[in-house]
Amino acid sequence: MVLSARIFFVFYNKAGRNVYAHATREAKRDSAKLLDKVVGIS
């Protein structure tokens, strides 16, 4: 029981980190697009 919980915890951490990294990458790309628009307008 303890072993399975530990394995689950490791998988959960890896998945969480991947989701966070992906979300951060998406946010950076969106803000870069927005910045291009602002610079293009002004």
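Only a predicted model underlies this, so the values are computations on that prediction, with no experimental measurement involved. (Residues numbered from 1 in each chain as written. Predicted model: local features only at pLDDT ≥ 70, side-chain atom pairs only at ≥ 80, totals over all residues. Heavy atoms only, no water.)

Observations concerning the packing of aromatic side chains
Under the defined criterion, the tally for this structure stands at one aromatic pair. Seen in terms of ring centroids, Phe8 and Tyr12 are 6.1 Å apart; in terms of plane orientation they differ by 25°. Their pairing is stacked. In this pair, Phe8 and Tyr12 both sit in helix α1 (residues 2-41), four residues apart, roughly one turn of the helix. The residues Phe8 and Tyr12 share a single accessibility class, namely exposed. (Phe/Tyr/Trp six-rings, centres within 6.5 Å; stacked < 30°, edge-to-face > 60°. Helix = DSSP H or I, 4+ residues; strand = E, 2+ residues; numbered from the N terminus. Buried < 20%, exposed > 50% of the residue type's maximum accessible area, 1.4 Å probe, protein only.)

Description of α1
Compared with the 58 Å implied by 1.5 Å per residue over 40 residues, the 58 Å span of α1 between its first and last C-alpha is a close match. Of all the 40 residues making up α1, zero are buried; the element is thus mostly uncovered. (Expected span 1.5 Å × (residues − 1).)

Some details on the pattern of salt bridges
Pairing is possible between side chains of opposite charge, provided their charged atoms come close. Summed over all chains, the structure comprises one salt bridge. For the salt bridge of Arg29 with Glu26, the shortest nitrogen-to-oxygen distance reads 3.4 Å. Placement of both Arg29 and Glu26 in helix α1 is noted, with a separation of three residues, approximately one turn of the helix. (Salt bridge = Lys/Arg side-chain N within 4 Å of Asp/Glu carboxyl O.)

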